[in-house]
Amino acid sequence: MSNKRYAKIKSFIRENYKFLLFIVACQIFFLFPLPFVIDAPGGLLPVSDRVQVEDGTSSQGSFNLAYVKEIQANISTYLVSLINKDWDLIEQEEVKYDHETMKDAETRSKLLLKQGQQNATIVAYTYAKKQVDLQDPHFYVAYLDESVNSDIQIGDELLEFNHQKITEYEEIAQKVEQTKLGEEVTLTIQREQEEKEITIPIQKIDGEKRLGLLLIPIYDLKTDPTIKFTFHDSESGSSGGLMTALEIYDRLMEEDLTKGKTIVGTGTIDAEGNVGEISGVKYKLKGAVKEKADLFFVPEGENYEEAKKVAKEKGYEIELVPVKTFDEAVEYLKNME
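Residues numbered from 1 in each chain as written. Predicted model: local features only at pLDDT ≥ 70, side-chain atom pairs only at ≥ 80, totals over all residues. Heavy atoms only, no water.

## Side note on the overall build of the protein
Here is step 1 of the chain: For the protein, the helix and strand inventory stands at eight helices and 18 strands.
Here is step 2 of the chain: For the protein, the proportion of its 337 residues judged to be buried stands at 42%.
Here is step 3 of the chain: Restricting the contact set of the protein to residue pairs at least 6 apart, pairs at least 24 apart contribute 73%. (Helix = DSSP H or I, 4+ residues; strand = E, 2+ residues; numbered from the N terminus. Buried < 20%, exposed > 50% of the residue type's maximum accessible area, 1.4 Å probe, protein only. Contact = heavy atoms within 4.5 Å.)

Take a look at the structure:
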């Protein structure tokens, strides 16, 4: 029986091989990757799906992250982007620096997500008058100046400077300042669980002595009550900082800040509670409207002006709320009817 089936398959391939080769060629052609990414409206992600606070209170409504759907461009998606007004074709150089790879940009984006979680926790716990202590700092390389000639990589953790352990962020700048221009220093770094020693010269950049590295400090946080983040490996970026802080704060307080509404927003947050602007606000707004959100928090300034313009052009009735600080967002929610 199997021999007959095998013979039929061979006969079919022999009789239709030109057509089959054409199908394969079309697949290869249309799926051929291009040096672009496509940004498109995404959806909503309830922050409660990614944040758990021990013995946290519950709410009738929800805080949600709005995200941008990023699609790797190929010939097929490129053609669709030409007719789909909600899809924007973006060159890869716009999402990374010229001397970087896409992997570098992705690694930095994951570090920014961790920093955003850290800042959101500090702000929410401090505002709620709950315990939050910063312990055991870790310093990660998030950017390399194009002039850096060294084996150091984005994502490396800096452990020692000239064989001296780094315990404070300010120590790094102090040690650089104490080193002669052009002198090489030894950095002990950790990369994928392996320690390495790397030499790098002190350079003059923008008129100052520098290593040519941008470091992001990530601390081990001790909180009471405890908190746990469960973001997926595919998720990254700092634009969810404000909404993450609001979700945490809402879980720490008895008052239900949502008042039964679907609240969406975007914006970075620093450890002092300042809200920063982001990219892709129009896609996030479109996603919020699609999911019938009640209001949309947006950083004051260019982001708000862009969102207001899109809302007017599209006839959106969603409530746009511009904010500069975490405090402003909380006060708005407390006074919301």
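## Section: the side chain of D256
Here is step 1 of the chain: Mapped onto the elements of the fold, D256 is located in the loop between α5 (241-252) and β14 (262-265).
Here is step 2 of the chain: If sequence neighbours within four positions are ignored, D256 has contacts with S59, Q60, G61 and D250.

## Focus: the nonpolar core
Here is step 1 of the chain: L242, M243, L246, F297 and F326 are the most contacted members of the largest nonpolar core, which has 35 residues in total.
Here is step 2 of the chain: Among the secondary structure elements, those contributing two or more residues to this core are β2 (51-53), β3 (62-74), α3 (102-127), α5, β17 (295-299), β18 (319-323) and α8 (326-335).
Here is step 3 of the chain: With seven residues, the single largest contributor to this core is α5.
Here is step 4 of the chain: Contact partners of M243, with chain neighbours within four places excluded, come to V47, F63, N64, L65, I263, V264, G265, T266 and F297.
Here is step 5 of the chain: The next biggest cluster of nonpolar side chains, apart from the first, holds 20 residues, and it includes I152, I198, L211 and L215. (Core = buried A, V, L, I, M, F, W, Y, C linked by side-chain atoms within 4.5 Å.)

## As for the packing of helix α6 (residues 281-290) against helix α7 (residues 302-314)
Here is step 1 of the chain: Here α6 crosses α7 at 50 degrees, and the two axes come no closer than 9 Å. With respect to α7, the axis of α6 lies oblique. Relative to α7, α6 is oriented so that their crossing is right-handed. Here V281, K282, L285 and K286 of α6 lie close against α7, whose contacting residues are N303, E306, A307, V310, A311 and K314. (Axes fitted to C-alpha atoms, helices over the stretch in contact; angles between N-to-C directions. Parallel < 35°, antiparallel > 145°, perpendicular 65-115°, else oblique. Left-handed = near helix turned anticlockwise from the far one by under 90°.)

## Some remarks on the pattern of salt bridges
Here is step 1 of the chain: Per the counting criterion, the structure on display carries eight salt bridges.
Here is step 2 of the chain: The partner of K196 in a salt bridge is E194, with the nearest N and O atoms 3.8 Å apart.
Here is step 3 of the chain: Using a relative accessible area of 43% as the deciding quantity, one classes E194 as partly exposed.
Here is step 4 of the chain: The residue R210 makes a salt bridge to E208 at a minimum N-O spacing of 3.4 Å.
Here is step 5 of the chain: One network of salt bridges, with partners in common, ties together D206, E208 and R210. (Salt bridge = Lys/Arg side-chain N within 4 Å of Asp/Glu carboxyl O.)

## Quick notes on the side chain of N119
Here is step 1 of the chain: With respect to the helices, strands and loops of the structure, N119 is situated in helix α3.
Here is step 2 of the chain: What makes N119 buried here is its relative accessible area of 9%.
Here is step 3 of the chain: One polar contact links the side chain of N119 to the main-chain carbonyl oxygen of I269, over a distance of 3.1 Å.
Here is step 4 of the chain: Leaving out residues up to four positions away in the same chain, N119 has contacts with I269, D270 and A271. (Polar contact = N/O pair within 3.5 Å; in protein donor to acceptor, adjacent residues only side chain to side chain.)

## So, the packing of aromatic side chains
Here is step 1 of the chain: Applying the stated criterion across every chain yields a total of six aromatic pairs.
Here is step 2 of the chain: Between F297 and Y332, the aromatic rings sit 6.1 Å apart at their centres with planes inclined by 80 degrees, giving edge-to-face as the arrangement. Residue F297 is located in strand β17, and its partner Y332 is located in helix α8; the two are separated by 35 residues in the primary sequence.
Here is step 3 of the chain: With a relative accessible area of 0%, F297 lands in the buried category.
Here is step 4 of the chain: Through successive ring pairs, a cluster of aromatic residues spans Y127, Y249 and F326. (Phe/Tyr/Trp six-rings, centres within 6.5 Å; stacked < 30°, edge-to-face > 60°.)

## Quick look at unusual backbone geometry
A negative phi angle characterises most non-glycine residues, just as the trans form characterises most peptide bonds.
Here is step 1 of the chain: The residue after D224, namely P225, is reached through a cis peptide bond having omega 5 degrees.
Here is step 2 of the chain: Here P225 shows up in the loop between β12 (213-224) and β13 (227-229).
Here is step 3 of the chain: Even without glycine at this site, K129 takes up a positive phi of about 60 degrees.
Here is step 4 of the chain: Mapped onto the fold, K129 is located in the loop between α3 and β5 (131-144).
Here is step 5 of the chain: Even without a glycine there, the phi angle at H163 is positive, about 65 degrees.
Here is step 6 of the chain: Counting through the fold element by element, H163 comes out in the loop between β6 (157-161) and β7 (164-165).

The values reported here are purely geometric and, on their own, carry no functional implication.
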